[in-house]
Amino acid sequence: MDDIATNLRTIEDRIAAACRKVEQDPSSVRLLPVSKTMSTDKIMAAYDAGYRRFGENKVQEAHDKWERLSDVDGLEWAVIGHLQRNKARLVAQFASEFEALDSLRLAKELDKRLQAQGRRLDVLVQVNSSGEESKFGLAPEAVVGFARELAAFDALRVRGLMTLAVFSSEQTRVAQCFQRMVDVRERLRQADDVTVGEGWEELSMGMSGDFELAIEYGATVVRVGQAIFGARLDPNAYWPGAGEAAGG
Ligand SMILES: *Cc1c(COP(=O)(O)O)cnc(C)c1O
């Protein structure tokens, strides 16, 4: 588990270096460790290294970890993967942040469930910046209209935008995705009638393979999993037995 602390320090150094390159203050970029498929022991290793909020893409798994680690002081969860409406109740119960908001129906359901729990939730709107069919998120040109509608939901604290860039070794293609996000945020800034004040500043983009490039384009949150916790061999590895069944 020592290697997790070491990996975190290495990523922090790389974030700082990327920030220096574009004259950004390193404290303006938040590293969100993505712990999906990883054991609670590994999460605790990152906790001991100073991290409190962890990213998970599957609600059921995140909820299970939340329950198991409920006595750990200050631990928080960010759900970063697509959410079905019938799981909104779970997210409302335990999450501090939700980065994959992509429909009004989901916003409405989350708001209702949060109101019932007396909770609020930080949300980021997911944008499909690559145009790939396989990716979730709003089309870039739909974001301003969506933002106007979101103002109606009191329990949702809108923080900004999230995206997954195209998975490619061609930097220019990845960079195009990040640039589209910068453009969307600029359009939001110019739409005076988006009545959410300062709420749209966050840009969550960049993962293990592309976070330095994302920072060059102004990422304020980078979601890093494998570079911290090691390779994910099996997407279901967290559940007992599932990893073995898959030979992992
Ligand atoms: C898994 C995941 C990440 C982290 O990916 P790595 O390649 O492990 O860094 C980031 N964002 C989302 C939405 C993810 O599902």
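Overview of the structure. (Residues numbered from 1 in each chain as written. Predicted model: local features only at pLDDT ≥ 70, side-chain atom pairs only at ≥ 80, totals over all residues. Heavy atoms only, no water.)

Of the regular secondary structure elements, the chain holds 10 helices and 8 strands. In terms of overall dimensions, the chain is globule-like: its C-alpha atoms have a radius of gyration of 18 Å, near the 18 Å expected for 248 residues. Considering only C-alpha atoms, the chain reaches an extent of 50 × 45 × 35 Å along its principal axes. Within the chain, the proportion of its 248 residues that are buried is 50%. A fraction of 63% describes how many contacts in the chain between residues 6 or more apart in sequence connect residues 24 or more apart. Accessible surface, the chain: about 12,000 Å² in total, of which carbon and sulfur atoms supply 45%. Taking the average place of the 32 positive charges on the side chains of the chain and the average place of its 39 negative ones, the gap between the two points comes to 4 Å. (Helix = DSSP H or I, 4+ residues; strand = E, 2+ residues; numbered from the N terminus. Rg over C-alpha atoms; globule rule 2.2 N^0.38 Å. Buried < 20%, exposed > 50% of the residue type's maximum accessible area, 1.4 Å probe, protein only. Contact = heavy atoms within 4.5 Å. Areas by Shrake-Rupley, 256 points an atom, 1.4 Å probe, with all protein chains shown as cover. Lys, Arg positive; Asp, Glu negative; His and termini not counted. Charge placed at Lys NZ, Arg CZ, Asp CG, Glu CD.)

Counting residues in each nonpolar core, the largest one holds 74 residues, and the members touching the most others are Phe-98, Leu-101, Leu-110, Leu-150 and Leu-161. Among the elements that take part in this core, helix 7 (residues 171-190) stands out by supplying 7 residues, more than any other. Leu-110 has contacts with Leu-83, Ala-88, Val-91, Phe-98, Leu-101, Leu-121 and Leu-156, leaving out every residue within four places of it along the chain. (Core = buried A, V, L, I, M, F, W, Y, C linked by side-chain atoms within 4.5 Å.)

Over its 20 residues, helix 7 extends 29 Å from the first C-alpha to the last, a length consistent with the 28 Å expected when each residue adds 1.5 Å. Here the buried face of helix 7 lies against helix 6 (143-150), strand 6 (156-162), strand 7 (202-204) and helix 8 (211-216). (Expected span 1.5 Å × (residues − 1).)

All of the buried residues in helix 6 are Val-143, Val-144, Phe-146, Ala-147 and Leu-150. Each buried residue of helix 6 lies within a common arc of 160° when the element is viewed along its axis, so the set occupies one face. (Arc of directions from axis to C-beta.)

On to the site of the ligand, then. In the vicinity of the ligand, the contacting residues are Val-34, Lys-36, Asn-57, Ile-80, Met-162, Met-207, Ser-208, Arg-223, Val-224, Gly-225, Gln-226 and Arg-232. In this structure, an oxygen atom belonging to the ligand sits 2.8 Å away from a main-chain N or O atom of Gln-226. Here Arg-232 contributes a side-chain N or O atom positioned 2.6 Å from an oxygen atom of the ligand. In isolation the ligand offers 380 Å² of accessible surface; the protein chains occlude 92% of this area. Classifying every residue of the shell around the ligand by side-chain character gives 5 nonpolar, 4 polar and 3 charged. (Near = heavy atom within 4 Å. Polar contact = N/O pair within 3.5 Å; in protein donor to acceptor, adjacent residues only side chain to side chain. Nonpolar A, V, L, I, M, F, W, Y, C, P; charged D, E, K, R; others polar.)

Scanning all chains against the criterion turns up 18 salt bridges. Residues Asp-122 and Arg-157 are paired through a salt bridge, measuring 2.8 Å at the closest nitrogen-oxygen approach. Of this pair, Asp-122 sits in strand 5 (residues 121-126) while Arg-157 sits in strand 6; the two residues are 35 residues apart in sequence, bridging distant segments of the chain. Assessed through its relative accessible area of 10%, Asp-122 is described here as buried. Here Arg-157 falls in the partly exposed class, since its relative accessible area comes to 29%. Glu-201 serves as the salt-bridge partner of Arg-189, at 2.9 Å between the closest nitrogen and oxygen. With a gap of 12 residues between them, Arg-189 in helix 7 and Glu-201 in the loop between helix 7 and strand 7 connect regions that are remote in the sequence. (Salt bridge = Lys/Arg side-chain N within 4 Å of Asp/Glu carboxyl O.)

The next thing to look at is the environment of Val-184. By the secondary structure assignment, Val-184 is in helix 7. Along the primary structure Val-184 and Ala-142 are separated by 42 residues, whereas in three dimensions their C-alpha atoms are 9.4 Å apart. Ignoring sequence-local partners within four residues, the contact set of Val-184 consists of Pro-140, Val-143 and Leu-161.

This part takes up the pairing of strand 3 (residues 76-79). Direction of pairing for strand 2 (residues 53-56) relative to strand 3: parallel, over a ladder of 4 bridges. Its bridge partner lying in strand 3, Gly-55 is registered against Ala-78. A crossover connection joins strand 2 to the parallel strand 3 through helix 3 (residues 59-68); in handedness this β-α-β unit is right-handed. Direction of pairing for strand 3 relative to strand 4 (residues 97-101): parallel, over a ladder of 2 bridges. Residue pairing across strands places Ala-78 opposite Glu-97, the latter belonging to strand 4. A crossover links strand 3 with its parallel partner strand 4, the connecting element being helix 4 (residues 88-94), and its sense is right-handed. (Pairing = 2+ DSSP bridges. Right-handed = clockwise from strand over helix to strand, strands pointing away.)

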